[in-house]
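Single-letter residue listing:
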Number of protein chains: 2
Amino acid sequence: MAEREHNIAIVGAGTIGLSFSALHLTKNATCTVTIYDTRPDLQAYVKQHLPGYLMEGDYDTCVVRLAFANDLQSAVKNATAVQEQGPENAEFKVSIWPQIEQYAPADAVFWSSTSGIPASVQSAKMKDPSRLVVVHPFNPPHIMPLLEVVPSPQTSQRVLDRTLSYWRAVGRTPVIVKKECKGFVANRLAFALFREACSLVAQGVVDVKDLDEIVQASMGPRWSVAGPFKSYHAGGGEGGLTSFMEKIGGTVQECWEASEEDVRKGAIKVGGDWQAEVCRQTDEAYGVVETAERDEKTRKVLAAVGGT
Amino acid sequence: MAEREHNIAIVGAGTIGLSFSALHLTKNATCTVTIYDTRPDLQAYVKQHLPGYLMEGDYDTCVVRLAFANDLQSAVKNATAVQEQGPENAEFKVSIWPQIEQYAPADAVFWSSTSGIPASVQSAKMKDPSRLVVVHPFNPPHIMPLLEVVPSPQTSQRVLDRTLSYWRAVGRTPVIVKKECKGFVANRLAFALFREACSLVAQGVVDVKDLDEIVQASMGPRWSVAGPFKSYHAGGGEGGLTSFMEKIGGTVQECWEASEEDVRKGAIKVGGDWQAEVCRQTDEAYGVVETAERDEKTRKVLAAVGGT
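The residue numbering used here restarts from 1 in each chain and proceeds along that chain's sequence as written. Working convention: letters from A go to chains and numbers from 1 go to ligands, in the order in which they are written. Reporting in this predicted model follows two pLDDT cut-offs: at least 70 for local features of residues, and 80 or more for side-chain atom pairs to be given and counted; totals over whole chains, interfaces and linings ignore these cut-offs and use all residues. To get the side-chain values, take all heavy atoms of the structure and skip hydrogens and water.

Colleague: Just checking my understanding: could you explain the UniProt feature "site: Important for catalytic activity" (unreviewed entry) in chain A for this structure?
Modeller: All names here are of chain A. Sites flagged by UniProt as "site: Important for catalytic activity" (unreviewed entry) map to H136. Every helix listed is a DSSP run of H or I at least four residues long, and every strand listed is a run of E at least two residues long, numbered separately from the N terminus. For H136, the location among the structural elements is in strand β6 (residues 132-137). Setting aside residues up to four positions removed in sequence, H136 forms contacts with S112, S113, T114, S115, L146, L147, E148, F184 and N187. UniProt positions are given in the numbering used here, feature names are shortened, and annotations may be inferred rather than shown by experiment. Working rule for contacts: check all heavy atoms of both residues, and any pair within 4.5 Å makes them a contact.

Set out below in structure tokens:
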């Protein structure tokens, strides 16, 4: 059965909601997007800020497929998918899904953009929790391809299949996270490196700006093309990762132990004494970051690796 | 005083030595490179393998500036810089530098490509340890811009200045590491993320291939353009990293604690029970990695971010 044309209900029009709206409207030429938010100046706000998420010339073809809703019921009543990015607290999310479930068509799928509240928690009061899945973006979602798709044990295979199929069709890279762990995967990985970065700066091994330069000139480009397992697998030659671990494993373990020791000695916990100096160096190095230039370069990098 | 034309003595003609030779010859149009290695078939070996490190058409203009030495003395006697990538053990390096020092011109600088043996250890028997500095590449150095420049406390400012100046002139990104710590900075950062990656795969949160895809679709492209501090500084809006830590710090700390707990429970040490499954999944996902395609894409990424 062919699906009807997509009508995406965007619940919550902050930066993530606007970024996703721009993505749907530009990458899915036949969809409509209905935005709902409790802010009183919603239409004016969206029309002012949405162009910042679009390429020049895209606004006119997008705005004609954009609608606004004054209440949740009218926002979701014709939706094929409801995408939620409301306040990041469990009570809000637990209370809104039963309402959405009540008003949305029976075949609509439900996506939460949460960065940490699992679908199994959010769906606690739903009649049919199989309809809900977390679709966690890497900011900003209109540029970055990654979406972490995190089902609860109740999420149905049909909802998962439709979710993957939709996002692949709009040029994204949806990846399934198989267990609802703390922070999901991308943030866990990024924060692990970030902790080590904070630790090395706190010890005076390297400055903030030099550390960023190190990452930009090595792991960034490398991991754009091949993730850590593939990279070390290549580094091991014909014997692959097994051979890499035989040859370099001793050094890897020594580094892991040195890191543990340094993190402990430096008391690298959030809010610790080290934090002010790291923040000071970062302020001094960058002032206010120009994200437009960053986003433009990121688009070029993604084009270079064959993304969209 | 203008420096004389560069004559780089390459001591050790493995993959790193050949990669650096290709870099010098292609990015420094007037330099000569003299290669020394104990292998008996040195000339034939280099002439066979060097083209693999060059772009098409570069070989003819490079080979005329390439020389071979049968012994260390003739390799370094006219050198402006001696670049060592011999066996990765301290005894070898401690014993070779006094010989190099004896034969090389008094103004030659000494670079070691070691990934872990500090200059302060290597220079133990040198008359003048101020001439030696570690210049640690991120493989392969003819493509990846990063060079970690790690002085010993004895390394002179003049040697450091000449080192930075040379490598910047050939389009690299030399970054100073201020303390001789275990593993230097790039590997410490990469291994910290790799440990978390192994831990998440070992727990069944995500597959090897999906984890790589997560990194390739998020942190890779992002960190090609802006390192972790700059990225989180931008993520904090006008308040920068300080504001980011106020808003997201609680989640960061929870993730750090979850990671510690998981690493402990999973016994994520090199050679642990988890390792076979991670290696198996990696083999299954990738077989033998085609590095030519990886390198070609990496060049494009670097061009996109303004590298060379």
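Past the structure itself, the notes keep going.
Colleague: What is the right way to read the relation of the copies chain A and chain B from this model?
Modeller: Each of the two chain copies goes to the other by way of a rotation about an axis and a shift along it. Superposition record for chain A on chain B: RMSD 0.0 Å, screw rotation 180°, translation along axis 0.0 Å. These values place the two chain copies in the arrangement generated by a two-fold rotation axis. Residues below a pLDDT of 70 in either copy are left out; the C-alpha atoms of the rest, at least 70 in both, set the least-squares superposition of the copies.

Colleague: What am I meant to see in the nonpolar core here?
Modeller: What tends to happen in soluble globular proteins is that the nonpolar side chains get buried as a cluster. In terms of nonpolar packing, the biggest core is built from 130 residues, with V82(A), M219(A), F229(A), V82(B), M219(B) and F229(B) touching the most fellow members. Ignoring any residue separated from it by four or fewer positions in sequence, one finds V82(B) in contact with A9(B), V11(B), V76(B), W97(B), I100(B), A104(B), V109(B), F110(B) and W111(B). Think of a nonpolar core as a cluster: buried Ala, Val, Leu, Ile, Met, Phe, Trp, Tyr and Cys residues, connected wherever their side-chain atoms sit within 4.5 Å. Throughout this description, buried means an accessible area under 20% of the type-specific maximum (1.4 Å probe, protein chains only), exposed means over 50%, and partly exposed covers the range between. Counting residues in each nonpolar core, the second largest holds 33 residues, with L18(B), F20(B), Y45(B) and Y53(B) among its members.

Colleague: Could you clarify how one ought to interpret the interface of chain A and chain B in this entry?
Modeller: By a widespread convention, an interface's size corresponds to the accessible area lost as its parts come together. Each side of the interface is counted separately: chain A has 97 residues, and chain B has 97 residues. Reported buried area values correspond to the accessible surface (1.4 Å probe) lost by two parts on association, with both partners' losses combined. On the chain A side of the contact with chain B, R188(A), F229(A) and W256(A) bury the most area, a combined 9% of that side's loss. One speaks of a salt bridge when a side-chain nitrogen belonging to Lys or Arg is within 4 Å of a carboxyl oxygen belonging to Asp or Glu. For the pair chain A and chain B, the number of links is ten salt bridges. Close ionic contact of R188(B) with E196(A) constitutes a salt bridge, the shortest N to O distance being 2.8 Å. Polar contact is defined as a pair of N or O atoms within 3.5 Å, subject to the rule that within protein one atom must be able to donate a hydrogen and the other to accept it, and that residues adjacent in sequence are counted only when both atoms are side-chain atoms. Here chain A is connected to chain B by 35 residue pairs in polar contact (both at pLDDT 80 or more). A total of 15 residues in the side of chain A that touches chain B trace back to one element, the largest contributor, which is helix α12 (residues 240-265) of chain A. Split into classes, the residues belonging to the side of chain A that touches chain B amount to 55 nonpolar, 21 polar and 21 charged. Lys, Arg, Asp and Glu make up the charged group, whereas Ala, Val, Leu, Ile, Met, Phe, Trp, Tyr, Cys and Pro make up the nonpolar group; the residues left over, Gly among them, are polar.

Colleague: Would you explain the environment of Y103(B) in this entry?
Modeller: Examined against the element boundaries, Y103(B) turns out to sit in helix α5 (residues 90-103). The residues contacting Y103(B), other than those within four sequence positions of it, are L72(B), Q73(B), V76(B) and K77(B).

Colleague: Would you take a moment to explain the UniProt feature "domain: 3-hydroxyacyl-CoA dehydrogenase C-terminal" (unreviewed entry) in chain A for this structure?
Modeller: The UniProt record annotates "domain: 3-hydroxyacyl-CoA dehydrogenase C-terminal" (unreviewed entry) at residues 183-251 of chain A. When the span residues 183-251 of chain A is considered, its composition is 77% helix and 0% strand, and the gap between its end C-alpha atoms is 29 Å.

Colleague: Hey, could you run me through the layout of surface pockets in this one?
Modeller: Volume-wise, the second largest pocket comes out at about 1,600 Å³. Contributions of two or more residues to the lining of the second largest pocket are made by α1 (15-27), β6, α8 (186-202) and α14 (291-304) of chain A together with α10 (219-225), α11 (228-235) and α12 (240-265) of chain B. Looking at the lining of the second largest pocket, the element that brings in the most residues is α14(A), giving six residues. Taken together, the residues of the lining of the second largest pocket break down into 20 nonpolar, 20 polar and eight charged. With a 1 Å grid laid over protein atoms only, a set of points is called a cavity when a 1.4 Å probe fits there but cannot get out and a pocket when it is open yet has protein on both sides within 12 Å along at least five of seven lines; lining residues have an atom within 4 Å of a point. Grid points are joined across faces, edges and corners, and a volume is the space filled by probe spheres set on the points.

Colleague: What should I look at first to understand the sheet that holds strand β7 (residues 146-151) of chain A in this one?
Modeller: Across a sheet, paired strands are connected by hydrogen bonds in the backbone, their directions being either parallel or antiparallel. Residue and element names in this part refer to chain A. Each pair of strands is called paired provided DSSP finds at least two bridges between the two strands. Taking strand neighbours across the sheet as the criterion, the eight strands line up as β3-β2-β1-β4-β5-β6-β7-β8 in an open arrangement whose pairing is mixed. The sheet terminates laterally at β3 (66-69) and β8 (173-176), the two strands that pair on one side only. With direction set aside, neighbouring strand axes in the sheet form an average angle of 25°. Interaxial angles span 0 to 180 degrees and are taken between N-to-C directions of axes, which are lines fitted to C-alpha atoms, for helices over the stretch in contact. Of the strands in this sheet, β1 (7-11), β2 (32-36), β3, β4 (81-84), β5 (109-112), β6 and β7 are in contact with α1, which crosses β1 at around 170°.

Colleague: It is not clear to me how the pattern of salt bridges should be interpreted in this structure. Could you clarify?
Modeller: It is possible for side chains of opposite charge to pair when their charged atoms get near one another. All told, the structure shown has 24 salt bridges over all chains when counted by the stated rule. Through salt bridges that share partners, E84(A), E88(A) and K93(A) make up one connected network.

Colleague: I keep staring at the packing of helix α11 (residues 228-235) of chain A against helix α13 (residues 274-286) of chain B and nothing clicks. Help me out?
Modeller: Pairs of packed helices are described in terms of their axes, by the angle between the two and the distance that separates them. Two numbers describe how α11(A) lies on α13(B): the axes approach to 10 Å, and their chain directions differ by 85°. Here α13(B) runs roughly perpendicular to α11(A), going by the angle between their axes. Judged by residue contacts, F229(A), K230(A) and H233(A) of α11(A) engage V278(B), T282(B), D283(B) and Y286(B) from α13(B). Here the residues of the contact of α11(A) with α13(B) are counted per class, giving three nonpolar, two polar and two charged. Angles are sorted into four bins: roughly parallel if under 35 degrees, roughly antiparallel if over 145, roughly perpendicular if 65 to 115, and oblique for all others.

Colleague: How should I be thinking about the environment of K265(B) in this particular structure?
Modeller: In this fold, K265(B) is placed in helix α12. The sequence separation of K265(B) and S199(B) amounts to 66 residues, and the corresponding C-alpha distance is 9.3 Å.

Colleague: Would you mind showing me how to read the packing of α8(A) against α12(B) here?
Modeller: Interhelical geometry of α8(A) versus α12(B) gives an angle of 100° and a closest axis separation of 9 Å. When the axis of α8(A) is compared with that of α12(B), the two are roughly perpendicular. Note on element contacts: α12(B) touches α8(A) through L241(B), M245(B), I248(B), T251(B), V252(B), C255(B), W256(B), A258(B), S259(B), E260(B) and D262(B), opposite R188(A), F191(A), A192(A), F194(A) and R195(A). Among the residues forming the contact of α8(A) with α12(B), the class breakdown is ten nonpolar, two polar and four charged.

Colleague: Would you take a moment to explain the sheet that holds strand β7 (residues 146-151) of chain B for this structure?
Modeller: All names here are of chain B. The eight strands are arranged β3-β2-β1-β4-β5-β6-β7-β8 in an open sheet whose pairing can be described as mixed. Because the sheet does not close on itself, it has two edges, and the strands there are β3 (66-69) and β8 (173-176). Across the sheet, the mean angle separating the axes of adjacent strands is 25° when strand polarity is ignored. Its contacts with the sheet put α5 on β1 (7-11), β4 (81-84), β5 (109-112) and β6 (132-137), and the angle it makes with β5 is roughly 160°.

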